[in-house]
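Here's the letter readout for the chains.
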Amino acid sequence: MRIKIIVLYIIMCCLVMEAKAIDLKYNGEIPYPQLFEIDPNTLFLVSGSHLLKFDLPSCQFKRRLGSSGEGPGEFIRIDRDRGMVLTIETGRIVVNSRHKISAFSRAGMLLSETKTRNGSFFRQVGQNFVGIHSSLIDQIRYHSVCLYDWNFKIIRRFHKEPHWYQPNQSINPIKVSLPHFRVINGKIFILNQAGQISVYTQMGDPCAKTSFPFPVRKIKQKDREGYHEYYKSHPIYKNHYHALKDRIRFPESFPPVKYFDVDEKYIYVVSFQKREGKAIIYLFRHSGECMGKGVADLPEQIWFEPYPLIRIYKQQWMVLSENPETENIQLKWIPIEGLRNERQ
C-alpha cells in the first residue's frame, strides 16, 4: 500500500501544472479544424482537406501534407461527424479518409495509398487493421469491431452491439452511435454503449475491463429539456426530430464514461460528474485497475455531444479551440489537478 501511495504522489506531482494556451502560428485561416494527433514535439491537425503540421511547444507551422481532391495524396473534405482517422506510426503519418488509407513520411512524401472496400475507418494494430463493420441480422442493426487483413477482408469480429437506432423501437439518446475505440501498444480499447471500456489484444482476445467504483450522475429534467431543444433547432437534425421525438426514452442515469483517451500507461476517463465546475477525471491502468481521480477545467460541452478536439498528451489534456481575443485557433494545455488514490 505504501508503494502505491508513493506512486500516486509522483503521478500527482507530474500532473499539477499550470494551464497555458498558445495560438497556432499559421499564415492564413484554419477554416475547419476536425481532429488532431500529437507526437513528441509535433502536432498534426486535419483542417478541411489538408493535414497541417506544427512544432511543439511553439505551435509554429511547419508544413502542409496532402491537398483537396481524389488523386494520390489528396483528400475529400469530410465533416467532423463522419470523421477522418489520423494515426501516427513510427516514421510515418497515416490518414484514413473515406475509402482509402494514405501513408506519408514525416517529411510529407506520399509513401503508399490503399483503397478500402467500405466506408469504415481503420487503425493499424500489429500486422492487421481494426475497424467498424455494420450488419443487419434478423432485422436488427449491429455494429461490430473487427480485425481486417491488408485486403480489408474481415479476419475476426470480436465486439458486437446493437445500433443505437432500430426501426420502430424506442431510442436511448445516451447511447453512443458507434463503438469508440483507441489503439496503442498493440492493444485495442473500446468504449461500448453501456459506458464501459474493454481492452483487447491485437488479435481481438479480451484481456481487461475497467471497473467503475464511483456513482453515476442522475439525468435531470433540465438535461432532457436541453436535449429536445438542441435537436429540434439544429439545422440538420431538426428535419428528423419531429418524426422521432415520441420514441425518445431517457434512462435514469448517465453512463460512467463521457469520453476517454489512452497513453502508453493509463486510461483517462472523463465522467459526467463535476466538482466545483470542473470535470472529474478517473485514471486507470491498462489492466482495468482504478488508480485515482482528479479534476480538469475542460471546456463546457453539451452533455450529448462528444469532445471533438481534445487529446491526452504527457498526462495533460490538450484542447484545440478558438481564442476569443484573436479569433485564431489555439492549443491549450489543461492539467489534471488533485489526483488522489481511490484505494487508500
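Residues numbered from 1 in each chain as written. Predicted model: local features only at pLDDT ≥ 70, side-chain atom pairs only at ≥ 80, totals over all residues. Heavy atoms only, no water.

J.: I would appreciate a short explanation of the sheet that holds strand 1 (residues 20-23) in the present structure.
T.: Spatially, 1-26-25-24 is the arrangement adopted by the four strands of the open sheet, whose pairing is antiparallel. Lying at the two open borders of the sheet, with one neighbouring strand each, are strand 1 and strand 24 (310-313). Taking each pair of neighbouring strands and ignoring which way they run, the sheet shows an average axis angle of 25 degrees. Looking at chain direction, strand 24 and strand 25 (residues 316-322) are connected through four bridges and run antiparallel. Within strand 25, the residue paired with Ile310 across the bridge is Val319. (Pairing = 2+ DSSP bridges. Helix = DSSP H or I, 4+ residues; strand = E, 2+ residues; numbered from the N terminus. Axes fitted to C-alpha atoms, helices over the stretch in contact; angles between N-to-C directions.)

J.: Just to check I follow, could you spell out the environment of Asn192 for this structure?
T.: Mapped onto the fold, Asn192 is located in the loop between strand 17 (187-191) and strand 18 (197-201). Judged by relative accessible area, which is 12%, Asn192 ranks as buried. Placed 32 residues apart in sequence, Asn192 and Lys160 show a C-alpha to C-alpha distance of 9.2 Å. (Buried < 20%, exposed > 50% of the residue type's maximum accessible area, 1.4 Å probe, protein only.)

J.: Can you help me understand the pairing of strand 16 (residues 180-184) in this one?
T.: The two faces of a sheet get side chains in turn, since along a regular strand they alternate between them. The sheet contact formed by strand 16 and strand 17 spans five bridges and is antiparallel. Among the inter-strand pairings, Ile184 is bridged to a residue of strand 17, identified as Lys187.

J.: Just to check I follow, could you spell out helix 2 (residues 221-233) for this structure?
T.: Residues spaced three or four apart along an α-helix point in a common direction, a consequence of the helix completing one turn every 3.6 residues. For helix 2, with 13 residues, the first-to-last C-alpha span of 19 Å sits near the 18 Å given by 1.5 Å per residue. Considered for burial, the residues of helix 2 that qualify are Asp223, Tyr227 and Tyr231. Buried residues of helix 2, seen end-on, are gathered within an arc of 55 degrees and therefore sit on one face of the element. Facing away from the buried side of helix 2 by over 90 degrees, the exposed positions are Lys222 and Ser233. Looking at the buried residues of helix 2, the elements they touch are helix 3 (238-244). (Expected span 1.5 Å × (residues − 1). Arc of directions from axis to C-beta. Contact = heavy atoms within 4.5 Å.)

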